[in-house]
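A structural walkthrough
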Amino acid sequence: MPIQSTSKQLWRDVQVFDGLVQLDEAMTVLIEGGRIAGLWPSRTFDEAHAQGAVEAGCGGVLTPGLVDCHTHLVYAGNRAGEFEQRLEGASYEEIARAGGGILSSVRATRVASEDELIAASLPRLDALLADGVTTVEIKSGYGLTVESELKMLRVARRLGELRPVRVITTLLGAHALPPEYAGRADDYVTLVCDEMIPAAAAEGLADAVDVFCEGIGFSPAQCERIYQAAKAHGLAIKAHAEQLSNLGGSALAARYGALSADHIEYLDEAGVRAMAEAGTVAVLLPGAFHVLRETQLPPIELLRQHNVPMAVASDANPGTSPICMPTLMANLACTLFRLTPREALAGMTAHGARALGQPELGRIVVGAPADLCLWDIQQPAELAYAVQAGRLRQRIFNGEVVYAR
Ligand SMILES: N=CN[C@@H](CCC(=O)O)C(=O)O
Ligand SMILES: [Zn+2]
């Protein structure tokens, strides 16, 4: 339930990061009917603009609500044991090829009920909300049967009903080859194309379809079949690509008009060009880079040169990024990938929204949905600079203050 819900609310004298840039003077912001209705420099604000409005906040930094555009939030169990194995020298790929990794989470998730998955996932969602998230993408991918993938997507949708947050769902049936299809990867891809995608589309459970295009995932040819099926069912396309090697998965996804190609540490200039031409967003996942102690950096400078929008997301998942703190991702994007704080914040607002095909979100502009965060800081760059919980003063969702302290 909203803590405060009135039709007209005013925030005075706030520093505004609008999703792309920091505005250069203190602003006054009016919200009406769930949308941003007015935005004025406080210096020129005329009370006549906002007759009958209630003052909801004063001072601090106002940003769009954060958009976490890549998560695997729904799963059972954890993989702390593999974390220890990797510290002792085993690689992520070795663990995966030995039947651990994603398949370990598949075993735990398959046997969990929807209610158990809700109970396991809610604390992770709450951690994201406490750090300012108002839109989150949640992938399936730990079921790998038609029924368990749909179960994960149903849980993701239910999470969006249990909390004031927008949930975008993505079917990731092609995350790993399940053991019952060992040696028959093409047959599994047929299952994804002919049964999973049609069922998820028919039940309205998926907004997009994703793949893991990788040596330990699926080949470009297999991913292409999945893209064709997704398109035939009117679903958007995304890719985990160029995370561990360069298979050209990002360029392939771009040729199919993908919303985003994610990870992309091994992306080359041809891939960057293909993404630029298609308007495909580059989703950077510094949490996975950090946890896997990766050393291959994504081609940030090439992405800048070719004007490919860069989003930043948590990739919250039990294997490569068991981290539910988007503002830490902003910090890691700066310290590890050398993004500027402004780029990192744009990556978690305007560009994150674009990676989800929701360009009206992640912006503070007149007419946009009023998903906002008011922070107890002096300037937006502090969100990337300091790693510190508890700076969120208000979370505003759809024009209503749903969290305040
Ligand atoms: N790379 C593939 N998928 C996930 C990891 C999933 C897992 O290890 O459980 C990722 O985004 O990093
Ligand atoms: Zn992922």
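Rules behind the numbers
- Residues numbered from 1 in each chain as written.
- Chains lettered and ligands numbered in written order.
- Predicted model: local features only at pLDDT ≥ 70, side-chain atom pairs only at ≥ 80, totals over all residues.
- Heavy atoms only, no water.
- UniProt positions renumbered as here; feature names shortened; annotations may be inferred.
- Helix = DSSP H or I, 4+ residues; strand = E, 2+ residues; numbered from the N terminus.
- Rg over C-alpha atoms; globule rule 2.2 N^0.38 Å.
- Buried < 20%, exposed > 50% of the residue type's maximum accessible area, 1.4 Å probe, protein only.
- Contact = heavy atoms within 4.5 Å.
- Areas by Shrake-Rupley, 256 points an atom, 1.4 Å probe, with all protein chains shown as cover.
- Near = heavy atom within 4 Å.
- Polar contact = N/O pair within 3.5 Å; in protein donor to acceptor, adjacent residues only side chain to side chain.
- 1 Å grid on protein atoms, 1.4 Å probe; cavity = no way out; pocket = protein on both sides within 12 Å on 5 of 7 lines; lining within 4 Å.
- Sits in = over half its atoms within 2 Å of the grid points.
- Points joined across faces, edges and corners; volume = space filled by probe spheres on them.
- Nonpolar A, V, L, I, M, F, W, Y, C, P; charged D, E, K, R; others polar.
- Pairing = 2+ DSSP bridges.
- Axes fitted to C-alpha atoms, helices over the stretch in contact; angles between N-to-C directions.

The protein carries the name Imidazolonepropionase in an unreviewed UniProt entry, which gives Ectopseudomonas alcaliphila as its organism. A UniProt comment under Pathway (unreviewed entry) is attached to the protein, and it reads "Amino-acid degradation; L-histidine degradation into L-glutamate; N-formimidoyl-L-glutamate from L-histidine: step 3/3." Here is the UniProt Catalytic activity (unreviewed entry) comment for the protein, exactly as written: "4-imidazolone-5-propanoate + H2O = N-formimidoyl-L-glutamate".

**Let's talk about the overall build of the protein**
From N to C terminus, the protein includes 15 helices and 16 strands. A globule of 405 residues ought to have a C-alpha radius of gyration of about 22 Å, and the protein, at 21 Å, matches this closely. With respect to the principal axes defined by its C-alpha atoms, the protein has extents near 70 × 45 × 45 Å. Put simply, the protein has 405 residues, and 60% of those count as buried. Counting contacts in the protein only where the partners sit at least 6 residues apart, residues at least 24 apart contribute 71% of the total. As presented, the protein carries roughly 14900 Å² of accessible surface, and 51% of it is formed by carbon and sulfur atoms.

**Topic: the site of ligand 1**
Near ligand 1, the surroundings consist of 15 residues, among which Arg79, Tyr92, Tyr142, Gln243 and Thr320 are the closest. Between ligand 1 and His72 there is a distance of 3.3 Å, counted from an oxygen atom to a side-chain nitrogen or oxygen. At 2.9 Å, a side-chain N or O of His263 approaches an oxygen atom of ligand 1. Considered on its own, ligand 1 offers 330 Å² of accessible surface; in the complex 100% of this is hidden by protein. Judged by the proximity of its atoms to the pocket grid, ligand 1 belongs to the largest cavity.

**What about empty space enclosed by the protein?**
By the definition in use, this model includes two cavities of 30 Å³ or more. Considering the residues around the largest cavity, the lining is formed by 14 residues, among which His72, Tyr92, His175, Asn317 and Thr320 are closest to the centre. Tallied by class, residues from the lining of the largest cavity come to four nonpolar, eight polar and two charged. Roughly 40 Å³ of volume is contained in the second largest cavity. Surrounding the second largest cavity, Gln243, Leu244, His263, Glu265, Ala288, Phe289, Leu292 and Glu294 form its lining. The residue inventory of the lining of the second largest cavity, partitioned by class, reads four nonpolar, two polar and two charged.

**Some remarks on the sheet that holds strand β10 (residues 236–241)**
Pairing between sheet strands relies on hydrogen bonds along the backbone, with the strands arranged either parallel or antiparallel. Ordered by their spatial adjacency, eight strands build an open sheet running β6-β7-β8-β9-β10-β11-β12-β13, and the pairing between neighbours is parallel. This sheet does not close on itself; its edge strands, each paired only once, are β6 (66–68) and β13 (310–312). Here the strands of the sheet are splayed against their neighbours by 25° on average, with no regard to which way each runs. Of the pairings in the sheet, the one linking strand β11 (residues 260–263) to strand β12 (residues 281–284) comprises three bridges and is parallel in character. When the sheet's bridge partners are listed, Ser260 is paired in β12 with Val281. Its contacts with the sheet put helix α5 (residues 146–162) on β7 (133–139) and β8 (166–174), and the angle it makes with β8 is roughly 170°.

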